[in-house]
Amino acid sequence: MHTSSLPLRRLFCCNASASAPSFSKKKPLVFLGSPQVAATVLDALLKSSSLPDSNFEVAAIVTQPPSKRERGRKILPSQVAEHALERGFPSDLIFTPERAGEEIFLSNLRDLQPELCVTAAYGNILPTKFLKIPKLGTVNIHPSLLPLYRGAAPVQRALQDGVKETGVSLAFTVRALDAGPIIAYEKVQVDDQIKAPDLLDLLFSQGSELLIRELPSIFDGSAKLKAQPQDDSKVTLAPKVTPEESWLSFDQDATLLHNKVRAFAGWPGTRAKIAIIDEANGEHEVLDIKIITTRVSARGNVPANEADDITFIKGALVIPCGGSSALEVLEIQLPGKKVVNADAFRNGLRGRKLKKA
């Protein structure tokens, strides 16, 4: 189905409740999510709801309003909305309120009489008047082992901290951010090369399975009884990442920088300034480059007299860092260019030298 012609902001029509599942014996579930990782969860719900023995149906989808995305900066529906429309989900049951507390939206939600709401990377705060609507409450898939990394960027902050283990939690939603009782969780081991987008995909995939496994206990009320309150003494926070954090400072240890590259992969990325020096004519050019893929060098201590020199080994630029460590850069991106590997970048230098800027 071609999405651009569909009336995506048709949501606040007075007859939105006409599609309310009053003729069905299945329990109405409302899904809230926005980016691509949330489409994984939606898929799992739609697949499960279509099974012969399923006792629920996806009665509506709530997602972020259309916004400017990609390089063309066209106004496009959220990835969840696009995915739902491609799957043939009724466009009049895709709601895109600016805020989840809007009265017209809440009125339409009440008309659907949802038993349960499920959220996965929705991106809007849910006010108390929203949380009171679903009979069985709202459950959220959160990509961390709560109470660790509550907040907007749990995967990025966990990778930035260099954790060896993380996971995904299924928890009831309360007014306080990511603070509700935990129904279930799944642990995931983190290798030292995985980047945020891949870990995010993995965690939401695991979270989808966890949700489907736990839905029967949520619907029969036993999940409410077994859910464990969070230990507030162990809370850590995962604040939103800002573009200003994307700069790398090579006076820091290489492991810290490598973890930052992995954490900020995708968005906002990581940037650094390097100097290209042509010794033949003394020319000196400072470039703002994006660092795409790295590893911590296994080489020994970098001599002090080489602390500013960027050298090459096969397949990597070697940049001296703090504490006599070194970062090997495997892939980089020059302004306005495609991502290239270190060998291709080296070939483009034509014998010119590199230094830290």
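Source: prediction; values computed, not measured.

So, how was this worked out
Residues numbered from 1 in each chain as written. Predicted model: local features only at pLDDT ≥ 70, side-chain atom pairs only at ≥ 80, totals over all residues. Heavy atoms only, no water. Phe/Tyr/Trp six-rings, centres within 6.5 Å; stacked < 30°, edge-to-face > 60°. Helix = DSSP H or I, 4+ residues; strand = E, 2+ residues; numbered from the N terminus. Buried < 20%, exposed > 50% of the residue type's maximum accessible area, 1.4 Å probe, protein only. Lys NZ or Arg CZ within 6 Å of the ring centre and 35° of its normal. Pairing = 2+ DSSP bridges. Contact = heavy atoms within 4.5 Å. Axes fitted to C-alpha atoms, helices over the stretch in contact; angles between N-to-C directions. Expected span 1.5 Å × (residues − 1). Right-handed = clockwise from strand over helix to strand, strands pointing away. Core = buried A, V, L, I, M, F, W, Y, C linked by side-chain atoms within 4.5 Å. Domains from an automatic or database assignment. Buried area = accessible area lost by both parts, 1.4 Å probe. Salt bridge = Lys/Arg side-chain N within 4 Å of Asp/Glu carboxyl O. Polar contact = N/O pair within 3.5 Å; in protein donor to acceptor, adjacent residues only side chain to side chain.

With that settled, the discussion passes to the packing of aromatic side chains. Considering all chains together, one arrives at three aromatic pairs under this definition. Both rings, one in Phe105 and one in Phe130, keep their centres 6.3 Å apart while their planes meet at 15°; by these two values the pair is stacked. Of this pair, Phe105 sits in helix α3 (residues 103–112) while Phe130 sits in helix α4 (residues 128–131), and the two are 25 residues apart along the sequence. As far as burial versus exposure is concerned, Phe105 and Phe130 are alike and both buried. An aromatic cluster is built from Phe95, Phe105 and Phe130, whose rings are joined through pairwise contacts. We note Lys224 situated over the ring of Phe172; from NZ or CZ to the ring centre the distance is 4.3 Å.

The seven strands lie next to each other as β5-β2-β1-β6-β7-β8-β9, forming an open sheet whose pairing is mixed. The sheet is open, and its two edges are formed by β5 (94–95) and β9 (182–189), each paired on a single side. Taken together, the five bridges between strand β1 (residues 27–33) and strand β6 (residues 116–120) define a ladder with parallel strand orientation. Bridge pairing in β6 links Leu29 to Leu116. Across the sheet, helix α1 (residues 36–49) lies against β1, β2 (56–62), β6 and β7 (138–142), angled at about 150° from β2, the strand it touches most.

For the α-helix, the turn length of 3.6 residues means that residues three or four positions removed from each other point alike. The end-to-end C-alpha distance of helix α6 (residues 196–219) is 33 Å, a good match for the 34 Å that 24 residues give at a rise of 1.5 Å each. Positive phi shows up at Gly221, right after α6, with a value of about 90°.

Bringing the pairing of β1 into the picture now. With six of seven residues buried, β1 lies mostly within the body of the structure. As defined by bridge partners, β1 adjoins β2 across six bridges and the pair is classed as parallel. For Leu29, the partnering residue across the bridge sits in β2 and is Val58. Taken together, β1, α1 and β2 constitute a β-α-β crossover, and its handedness is right-handed.

With that settled, consider the nonpolar core. Residues Phe31 and Leu45 are the most contacted members of the largest nonpolar core, which totals 70 residues. By residue number, the principal contributor to this core is α6, which donates nine residues. Excluding its chain neighbours within four sequence positions, the residues that come into contact with Leu45 are Leu29, Phe31, Phe56, Val58, Val118, Leu211, Ile212 and Leu215. Grouped together as the second largest cluster of nonpolar side chains are 23 residues, Leu248, Ala254, Ile274 and Phe312 included.

The next subject is the domain arrangement of the protein. By the assigned domains, the protein splits into domain 1 (27–238) and domain 2 (243–356). Centre-to-centre, using C-alpha coordinates, domain 1 lies 37 Å away from domain 2. Each side of the interface is counted separately: domain 1 has 14 residues, and domain 2 has 13 residues. In total, about 1000 Å² of surface goes out of reach between domain 1 and domain 2, with carbon and sulfur atoms giving 45% of it. On the domain 1 side of the interface with domain 2, the three residues burying the most area are Gln160, Gln193 and Lys195, jointly 47% of the side's total. A salt bridge links Glu245 to Arg157, with the nearest nitrogen and oxygen atoms 2.8 Å apart. Between domain 1 and domain 2 we count ten residue pairs in polar contact (both at pLDDT 80 or more) in total.

Looking now at the pairing of strand β12 (residues 309–313). Here β12 shows one buried face, formed by Ile310 and Phe312, and one open face, formed by Asp309, Thr311 and Ile313. Looking at chain direction, β12 and strand β16 (residues 353–356) are connected through two bridges and run antiparallel. Note that in β16 the partner of Ile310 across the bridge is Leu354. The pairing of β12 with strand β13 (residues 316–320) spans three bridges and is antiparallel. Counterpart to Thr311 in the pairing with β13 is Val318.

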